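Inside the fold
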Amino acid sequence: MNPEPQPLSRTHTCGELRPTQIGEEAVLMGWVQRSRNLGGVTFIDLRDRWGITQVVVDQKRAPEAHELADRLRGEYVIAVRGTVEKRPAGTENPALPTGSIDVLGSELHILNESKTPPFAVEDDAVITETLRLRYRYLDLRRPHLQANLMLRHRATMAVRRYLDQHGFIEIETPMLTRSTPEGARDFLVPSRLSPGKFYALPQSPQLFKQLLMVAGYERYFQIARCFRDEDLRADRQPEFTQIDIETSFLTREAFFALLEGMIQALFRDAAGRDVRPPFQRLSYADAMDRYGVDNPDTRFGVELRDLSDVAALTEVKVFKEQLAAGGIVKGIAVPGCAGYSRKELDDLGRLAADFGGKGLFWMKRTAEGLQAPFGKHAGEGQLAAMAERLAMVEGDLALIAADAPAIVAPVLGNARKIMAQRLNLASSEALNFLWITEFPLLEYDAEARRYVAVHHPFTAPVEADVPLFHSEPNKIRAQAYDLVLNGQEIGGGSRRIHRREVQNLMFSALGLSQEEAQEKFGFLLEALEFGTPPHGGIAFGLDRLIAIMARMPSIREVIAFPKTQRGADLMMNAPSAVEPAQLRELNLQVR
RNA sequence: GGGGUCGUAGUUCAGUUGGUUAGAACGCCGGCCUGUCACGCCGGAGGUCGCGAGUUCGAGUCUCGUCGACCCCGCCA
């Protein structure tokens, strides 16, 4: 009954045996996926990281092994010695790469038993998220998660290989660093040796990599863990991984070419998929105008069109009011949705509220012509003009929003994405990379009643826009860029400020006094005075990138031990309470 | 901080206008079976209906609260 110590030495994996090895002896080890006892013969599907091989144990030829095989249950760990044999004609399993052979077992050892697992260790098992995370080590046995983590490994290997070949060096930066203003909420770590003071976990290695440029390393990278204490989403975890890159002396063009080469190598080496640089580019302003969002999915059209001039000619009250108040009227044409019911249209209108809007107008083009609830106030000519502007064909449904530009864009931009998903407009095979350039440097935060950095406080302004710091800070363009893949931001970066006077301008635009700037970023300001080269960089969200490559809906599927939406680790039960003595040592008191 | 979906056997789910002993499938346990691969056949065990109050003669079902998972808005330089 007792499991034995490992008595055999493994010779092959469960994924490699083929007809060429017929007649050879093999020793396999792994987990029992399933066993089928037919009485005189037992079949065992044996699984390891490399695949599944069927083991046959015959009562007559190996009576001892056959008796032992009767005790096998799912997830038992076993060792089998046997001979590779061709399966009898008609019993091959085309679903398995190893399906034309099996291993005729002569010797069987149970290396360990297993409790009945709380869920089946197989891909098509339907399991709640709670259970998966509680037993993550069992979840991770499932083939698709193993494939995801192996993909992730190949991807980081490809990145390291490519960057190494291009003169980059990987440098580690501290995890215990200081809290800085701006940006996300920090995770704090109390300092025992400095009572009442705290380290912060890095939101990114931003300042360290810039200081490495000051230090003359010129080409740095790091597969870096980052921490942000913000609310979670399907694509956001409190700790996540970036491919962090910084370079000196490169023009933007040279830098983009380098990165496009890296993405190409990454997709080729990790996923065998073809990516062809150069990538498309779109300015932030054009992206907002045509797609309403700064991360447009360009795998399908359905672009936003401005209808303000036509709307001004109508007697539609909302149009007139919004236009008078400085608003705009824009629309999109959704293919094939003219048959939508009243309820479906109402639901779409409510969807606008999710993004700050009050509702959506609609217009249908059917065989009977154009219909819109606002039709009688618009006039035939104006309806036709709008339909023409939106290039509507029969069967199309137009969705129209009238509001401030800052509302219209997200309402239509997100309606566009949601409808495309519903109608399956985007090819799942396509890889549409897109650089978004010339982000604004600053935006006004009404709540904080000051300007905040759109990217971060070290982003260089477009040189020609520097004088605007004194007049119209919100008009300054940044030398910042995002890389978007199929409608998801996968990376973002910028050229950095490398002159102290510009950094001073930036800090004061952000409402930081000289004293505060000195207190919080004095080390950076001082460093900028010691011969800082022009430099810039980027960080790619590795988790998102891998999730897209693996066609997974959530980054949890490509992270070995992810956290729930409340930031909990259900397996280890983190976070947890700590002993009073630990708190005393840290001079902390819990309220 | 806000909106939404969900929580019933080990698992995934069903459960009628509130009414007898809460069902199914898979899994599990026992038996039979020599070419299965979702093996098959026979038999069996298994329930804090997330938790706590309330309404009611009676609550899986209705109400309130609470806990948890997921999706979204805010937030995430």
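All of the points below concern the structure found in this document. (Residues numbered from 1 in each chain as written. Chains lettered and ligands numbered in written order. Predicted model: local features only at pLDDT ≥ 70, side-chain atom pairs only at ≥ 80, totals over all residues. Heavy atoms only, no water.)

1. Section: the pattern of salt bridges
For the coordinates displayed, the defined rule picks out 42 salt bridges. A salt bridge links Glu501 to Arg499; the shortest N-O distance between them is 3.1 Å. A relative accessible area of 47% means that Glu501 is categorised as partly exposed. Glu529 is the salt-bridge partner of Arg500, the closest N and O atoms lying 3.1 Å from each other. Linking Arg500 in helix α14 (residues 500–509) with Glu529 in the loop between α15 (514–527) and β22 (535–541), this pair joins segments that are 29 residues apart in sequence. (Salt bridge = Lys/Arg side-chain N within 4 Å of Asp/Glu carboxyl O. Buried < 20%, exposed > 50% of the residue type's maximum accessible area, 1.4 Å probe, protein only. Helix = DSSP H or I, 4+ residues; strand = E, 2+ residues; numbered from the N terminus.)

2. Some words on the packing of helix α5 (residues 206–214) against α15
Relative orientation of the contacting elements α5 and α15 amounts to 25 degrees, with a least axis distance of 10 Å. As judged from the angle between their axes, α5 and α15 are roughly parallel. Two packed elements cross with a definite hand, and for α5 against α15 that hand is left-handed. Across from Leu207, Leu211 and Val214 in α5, the residues of α15 making contact are Phe521, Phe523, Leu524 and Ala527. The residue inventory of the contact of α5 with α15, partitioned by class, reads seven nonpolar, no polar and no charged. (Axes fitted to C-alpha atoms, helices over the stretch in contact; angles between N-to-C directions. Parallel < 35°, antiparallel > 145°, perpendicular 65-115°, else oblique. Left-handed = near helix turned anticlockwise from the far one by under 90°. Contact = heavy atoms within 4.5 Å. Nonpolar A, V, L, I, M, F, W, Y, C, P; charged D, E, K, R; others polar.)

3. Comments concerning the sheet that holds strand β11 (residues 280–283)
Here we have eight strands laid out as an open sheet, ordered β6-β9-β10-β22-β21-β20-β17-β11, and mixed in their pairing. The open sheet is flanked by β6 (169–170) and β11, the only strands paired with a single partner. As judged from the six bridges shared by strand β20 (residues 480–485) and strand β21 (residues 488–495), these two strands associate in the antiparallel manner. Across the sheet, the residue bridging to Leu483 is Gly491, located in β21. Lying over the sheet, helix α4 (residues 143–165) contacts β6, β9 (219–227) and β10 (239–248), oriented at roughly 150 degrees with respect to β9. Along the sheet, α5 contacts β9, β10 and β22; its crossing angle with β10, the most-contacted strand, is approximately 20 degrees. (Pairing = 2+ DSSP bridges.)

4. Brief notes about the nonpolar core
The biggest cluster of nonpolar side chains holds 43 residues, and the ones touching the most others in it are Ile245, Ile263, Leu266, Phe267 and Phe433. Taken together, the elements giving at least two residues each to this core come down to α4, β9, β10, α6 (252–271), β17 (433–437), β20, β22 and α16 (542–549). It is α6 that contributes the most residues to this core, ten residues altogether. In this structure, Val302, Ile328, Leu345 and Leu412 belong to the second largest nonpolar core, which totals 24 residues. (Core = buried A, V, L, I, M, F, W, Y, C linked by side-chain atoms within 4.5 Å.)

5. Digging into unusual backbone geometry
Each neighbour pair has its own omega, and for Pro277 with Pro278 the value is 0 degrees, a cis peptide bond. Along the chain, Pro278 turns up in the loop between α6 and β11. A cis geometry characterises the amide bond from Ala574 onward to Pro575, with omega recorded as -5 degrees. Here Pro575 lies in the loop between α16 and α17 (580–585). A positive phi angle, near 65 degrees, is found at Asn573, a position not held by glycine. Among the secondary structure elements, Asn573 is positioned in the loop between α16 and α17.

6. Here's the deal with the protein's contact with RNA strand B
Taken together, 50 residues form the shell around RNA strand B, and within it Lys60, Thr91, Glu230, Ala453 and His455 come nearest. The contact in question runs from a base oxygen of RNA strand B to an N or O atom on the side chain of Lys60, over 2.9 Å. Within the contact set of RNA strand B, a sugar or linking oxygen lies 3.2 Å away from a side-chain nitrogen or oxygen of Thr130. Secondary-structure elements contributing two or more residues to the surface near RNA strand B are β1 (25–37), β2 (41–48), β3 (51–58) and α2 (129–134). Classifying every residue of the surface near RNA strand B gives 15 nonpolar, 16 polar and 19 charged. (Near = heavy atom within 4 Å. Polar contact = N/O pair within 3.5 Å; in protein donor to acceptor, adjacent residues only side chain to side chain.)

7. Examining the packing of aromatic side chains
In total, this model carries 15 aromatic pairs according to the counting rule given. Between Tyr284 and Phe439, the aromatic rings sit 5.1 Å apart at their centres with planes inclined by 40 degrees, giving tilted as the arrangement. Of this pair, Tyr284 sits in helix α7 (residues 284–291) while Phe439 sits in the loop between β17 and β18 (442–445); the two residues are 155 residues apart in sequence, bridging distant segments of the chain. For Phe439, a relative accessible area of 6% translates into the label buried. The interplanar angle of 90 degrees and the centroid separation of 6.4 Å between the aromatic rings of Phe458 and Phe507 together place this pair among those described as edge-to-face. Here Phe507 lies in helix α14 and Phe458 lies in the loop between β19 (450–453) and β20, a separation of 49 residues in the sequence. Through successive ring pairs, a cluster of aromatic residues spans Phe255, Phe256, Trp435 and Tyr481. (Phe/Tyr/Trp six-rings, centres within 6.5 Å; stacked < 30°, edge-to-face > 60°.)

8. Section: the sheet that holds strand β16 (residues 397–403)
The strand order across the open sheet built from five strands is β12-β13-β16-β14-β15, with neighbouring strands paired in antiparallel fashion. Sheet topology places β12 (305–306) and β15 (369–371) at the edges, where each strand pairs with a single neighbour. Here strand β14 (residues 361–366) runs beside β15; their pairing, made up of three bridges, is antiparallel. Residue pairing for β15: Thr366 is matched across the bridge by Gly369.

9. Brief notes about the environment of Gly356
For Gly356, the position within the fold is in the loop between α10 (342–353) and β14. Through-space distance from the C-alpha of Gly356 to that of Lys563 is 29 Å; in sequence the pair is 207 residues apart.

10. A few points about α14
Turning to α14, its buried residues number three or more, namely Arg500, Val502, Gln503, Met506, Phe507 and Ala509. For α14, the elements touching its buried residues are β18, β19 and α15. Positive backbone phi, at 80 degrees, marks Gly511, one or two positions downstream of α14.

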